[in-house]
Amino acid sequence: MNKGALVRHRAMEALLAVQQHEAGSQQAVRAALMGKPPLEGRDAGLLTEFVYGVLRRQRALDRWIGGCCDRGLGSLEERALLALRVGCYQLAELTRVPDYAALDATTTAAGIFAGERKKGFVHGVLRNLARSQPWQTQPTADMPRWITRRIEMLAETAEVDADSLRLAFGGEAPLHIHTLDQAAVDSLFADGVELAPVGGVPSLWTTTGGAFFASKAFLGRRALPQDAGSAAIVHWLG
């Protein structure tokens, strides 16, 4: 199995563990990264993107996949659906990877994860998705109605545009990283990682992602992803 298929297969295994309540998302990602061989750098970043991205966009992904299945989602086996979610997420969200490469790697991983008899089915559905691209014409908002109602109430209270606020809640969170010292910051800059400080929280930065996961500071665990809210709580509470 080539590296691209390995990353996708590990992502599918992690999503299965989360879905079957065997692990939380962080625990599942950690286990997937520490498998043999361990995944590092860009591969680690891609696996993390797959797992959290699929969990975040699951409602929209299932809507798009269901539209390309004659019998709907109810007819799909669990592993086949998880493989399709990974493939659909890549086609819709990770546009820097050519469709043919995404299809090949995901189909190879699906054959191992869901079984060879499902490999052709997964490939066919993904080809239909790549051709029809439903994410171009269908809304991507995938939050339950009760959440959107609360967002609308918040928008009214804060006197901001409800549509913009809803898109912000449904969008991808920025990548925040915590650095241990100035040497880690200098190392990140030397590796071409673009950093912007987060006001009010020392040693916390925002970055764009790709270059960070291949940097010496990340691989040496001197700079790690950390949500801004988590970092702020530690700082404010001392």
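Residues numbered from 1 in each chain as written. Predicted model: local features only at pLDDT ≥ 70, side-chain atom pairs only at ≥ 80, totals over all residues. Heavy atoms only, no water.

### Examining the state of the cysteines
Okay, step 1: Evaluated as defined, the whole model comprises zero disulfides.
Okay, step 2: In this structure C68 is not part of a disulfide, and its nearest cysteine sulfur, from C69, lies 6.9 Å away.
Okay, step 3: Using a relative accessible area of 18% as the deciding quantity, one classes C68 as buried.
Okay, step 4: Of the cysteine sulfurs around C88, a residue in no disulfide, the closest is that of C68, at 7.9 Å. (Disulfide = S-S within 2.5 Å. Buried < 20%, exposed > 50% of the residue type's maximum accessible area, 1.4 Å probe, protein only.)

### What to know about the side chain of K118
Okay, step 1: Topologically, K118 is positioned in helix α7 (residues 116-132).
Okay, step 2: Aside from chain neighbours lying at most four places away, what touches K118 is E77 and A80. (Helix = DSSP H or I, 4+ residues; strand = E, 2+ residues; numbered from the N terminus. Contact = heavy atoms within 4.5 Å.)

### Concerning the pattern of salt bridges
Okay, step 1: Going through the model one piece at a time under the given rule, you end up with seven salt bridges.
Okay, step 2: When the shortest N-O distance is used, the salt bridge between E77 and R117 registers 2.9 Å. Note that E77 is positioned in the loop between α4 (58-66) and α5 (78-93) and R117 in helix α7, a separation of 40 residues in sequence.
Okay, step 3: What makes R117 exposed here is its relative accessible area of 65%.
Okay, step 4: In this structure, D191 engages K216 in a salt bridge whose closest nitrogen and oxygen atoms are separated by 3.3 Å. (Salt bridge = Lys/Arg side-chain N within 4 Å of Asp/Glu carboxyl O.)

### A look at the environment of R131
Okay, step 1: Within the secondary structure, R131 sits in helix α7.
Okay, step 2: In this structure the C-alpha to C-alpha distance between R131 and S203, which are 72 residues apart in sequence, comes to 45 Å.

### Remarks on the sheet that holds strand β1 (residues 175-179)
Okay, step 1: Across the sheet, which stays open at both edges, the four strands sit in the order β2-β3-β1-β4 with antiparallel pairing between neighbours. Looking at strand neighbours, the two that pair on one side only are β2 (196-197) and β4 (223-225), the edges of this open sheet.
Okay, step 2: Across four bridges, the pairing between β1 and strand β3 (residues 204-207) is antiparallel. Within the sheet, the bridge partner assigned to H178 lies in β3 and is L204. (Pairing = 2+ DSSP bridges.)

### Focus: the packing of helix α6 (residues 99-113) against α7
Okay, step 1: In contact at an axis separation of 8 Å, α6 and α7 are set at 155° when each is read in the N-to-C sense. Put simply, α6 runs roughly antiparallel to α7. The two elements α6 and α7 cross, and the hand of that crossing is right-handed. Taken together, the residues of α7 that come into contact with α6 (itself represented by D99, L103, T106, T107, T108, A110 and G111) are E116, K119, V122, H123, L126, R127 and A130. (Axes fitted to C-alpha atoms, helices over the stretch in contact; angles between N-to-C directions. Parallel < 35°, antiparallel > 145°, perpendicular 65-115°, else oblique. Left-handed = near helix turned anticlockwise from the far one by under 90°.)

### So, the packing of helix α3 (residues 41-56) against α5
Okay, step 1: Packing of α3 against α5 leaves a shortest axis separation of 10 Å and a crossing angle of 95°. Considering their axes alone, α3 and α5 lie roughly perpendicular with respect to each other. Of the residues in α5, those in contact with E49, F50, G53, V54 and R56 of α3 are R85, V86, Y89 and Q90.

### Re the pairing of β3
Okay, step 1: Taken together, the two bridges between β2 and β3 define a ladder with antiparallel strand orientation. Bridge assignment links P197 to a residue of β3, and that residue is W205.
Okay, step 2: Counting the residues in the hairpin turn of β2 and β3 gives six residues, including G200, whose phi is positive at 90°.

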